[in-house]
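# Results of the structural survey
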Amino acid sequence: HLSTNTNDAGSVQGVRFTDVTRRYASTWARTLSLRGATSKDIKASRGQCVDEWFKSSLKQLNNHFRPAAERNVLPMKRESKSPVRSVTKVKGSDGKLVDVLELESSDDEDKKPAAKHIGNVDDFDSDDHVVNEKEELDDNTAQEVIPKSKAAFKNHPFYVIPSVLNSKEVIHPDARKRICGVFKGELVYRRSDVSTALKEKKWLYEGRQVKDNELQKPVKKVKARKKPKKQGFQALESYGITESAQDESIALLNEQKDKVEDDEMDNLYGIWQTDRWSPPYVSPSDPIPINEHKNVEKELLNPGLTHMEQPRLAGIARKLGIPYAPCMLGFERHGGRGTPSIRGIVVHDHNVGLIREAAIEWESHVVEKERNERRKEVLKKWKRLVVGLLTKERLEREYGGL
């Protein structure tokens, strides 16, 4: 699709290329799949073009055919002007004519209209024509026909029904104001009104924190992941009692187990229940905040703290009396189970230099100690060799003639 900014239709400059596929495509999701997008890509992009090569090609073409007068336009410089605004002749006290000069003031400069400035290249793609065209294409996309099967709703970029949502997807409370229709008794919502609900701790990794007044009002509850069972033999508490008492004890334990499993539910919260959050600053006099496992997660590292990953720093900090905490980098998979990866320590910013200097001295001390130990080992082996040769010579001298 071509649109020109000049009156001359044959002019090459001023031509703009625009993707208008959405204007003519009856099913935009089908069009994206024909372009090579997978169902997950279409769902994640929510109907936006996932063909980055096509988008970048259009942008390069538009920049290439942009009018030359608009490519590198610098701000207009104000012409230098005499500071004298006007000259008026008036009579002085002695009756003679005197010239009175009226000068330009800074207030007058401020009142003048600012010079027109044409900025970066993207301004060419941000004029009214492109904005209106984009709104028109978005309207055409929004008017796409609602799917006629439940399976089509699952990965549809624009419409969704509650029954196809996964266990952690939730619909925004205000979504009822934007209902698109009804499908077999279910309300049809916009895909843009669907978001993923997370646990309170998980929101911290996203830079958000659940509001205090929302903690008791989770938007959803899901069954918590089962903890791995303990390995090895586990002795029963019912050993050594009568058979009937043992049956009663086992039944009671089963009831308690079922109750605990019912209570082990994870509370999930929507993004509208959170506020933006960042870890608070830790001053040099404040203790290092640690979690329930007595370490610090690197993803939630507070300003004022530094992660030092060099080996053997914990022993150095302990000898110097510097407060520190182990740092957890994440989880590693071993045999299908996640194992925390602990590497390095976390200290206050003002202690970093001291620990580094102590680490250099400690390394030199360790190198010197290892060199002395190797020297002693070499001398010991040479001594063993010399003693062996002297012993062999003595034996040959004393008993060689026998």
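Our structure is the block above this text.
Let me sum up the structure you'll find in this document. For clarity, every value in this text was computed on a predicted model and none was experimentally measured. Residue positions are counted from 1 within each chain, in the order its sequence is given. Whole-chain, interface and lining totals are the exception, using all residues; otherwise, since this is a predicted model, local features are given only for residues with pLDDT of at least 70 and side-chain atom pairs are given and counted only at 80 or more. Side-chain measures were taken over the full set of non-hydrogen atoms in the model, leaving aside hydrogen atoms and water.

## Focus on the nonpolar core
In terms of nonpolar packing, the biggest core is built from 12 residues, these being Phe153, Phe158, Tyr159, Val160, Ile161, Val164, Leu165, Ala175, Phe183, Val188, Tyr189 and Val194. Other than its neighbours up to four places away in sequence, tyrosine 189 contacts Phe158, Tyr159, Val160, Pro162, Ile171, Ala175, Arg176, Ile179 and Cys180. Residues Met308, Ile322, Ile345 and Val352 belong to the second largest nonpolar core, which totals 11 residues. Side-chain atoms within 4.5 Å are what join buried Ala, Val, Leu, Ile, Met, Phe, Trp, Tyr and Cys residues into a set we call a nonpolar core. Three exposure classes are used, based on accessible area relative to the maximum for each residue type with a 1.4 Å probe and protein chains only: buried under 20%, partly exposed in between, and exposed over 50%. Between two residues, a contact is recorded if the distance between any of their heavy atoms is within 4.5 Å.

## Quick word on the side chain of asparagine 295
Tracing the backbone shows asparagine 295 in the loop between β13 (274-276) and β14 (296-297). Within the structure, asparagine 295 has its side chain in polar contact with the side chain of asparagine 291 (distance 2.7 Å). Ignoring sequence-local partners within four residues, the contact set of asparagine 295 consists of Ile290, Pro326, Met328 and Ile342. Helix and strand labels come from DSSP, where a helix needs a run of H or I of at least four residues and a strand needs a run of E of at least two; each type is numbered from the N terminus. Two N or O atoms form a polar contact when they lie within 3.5 Å of each other; inside protein one atom must be a possible hydrogen donor and the other a possible acceptor, and for residues adjacent in sequence the pair counts only when both atoms belong to side chains.

## Digging into the pairing of strand β16 (residues 325-334)
Of the strand pairs in this sheet, β14 and β16 are connected by 2 bridges, and their pairing is parallel. Bridging from a neighbouring strand, glutamate 297 pairs with methionine 328 of β16. Sheet analysis places β16 next to strand β17 (residues 337-348), joined by 8 bridges and oriented antiparallel. Of the residues in β17, the one forming a bridge with alanine 325 is valine 346. Strand pairing is assigned whenever DSSP detects at least two bridges linking the two strands.

## Notes on the layout of surface pockets
A cavity here means a set of 1 Å grid points, computed over protein atoms only, where a 1.4 Å probe fits but cannot escape. A pocket is an open set with protein on both sides within 12 Å along at least 5 of 7 lines, and lining residues have an atom within 4 Å of a point. Grid points are joined across faces, edges and corners, and a volume is the space filled by probe spheres set on the points. Estimates place the volume of the largest pocket at around 1300 Å³. Around the largest pocket, the lining comprises 32 residues; the ones closest to its centre are Lys199, Lys202, Arg225, His293 and Phe331. Broken down by secondary-structure element, the contributors of at least two residues to the lining of the largest pocket are α8 (200-205), β11 (220-223), β12 (265-268), β16 and β17. Basically, the charged four are Asp, Glu, Lys and Arg, the nonpolar ten are Ala, Val, Leu, Ile, Met, Phe, Trp, Tyr, Cys and Pro, and anything else, Gly included, counts as polar. Tallied by class, residues from the lining of the largest pocket come to 10 nonpolar, 6 polar and 16 charged.

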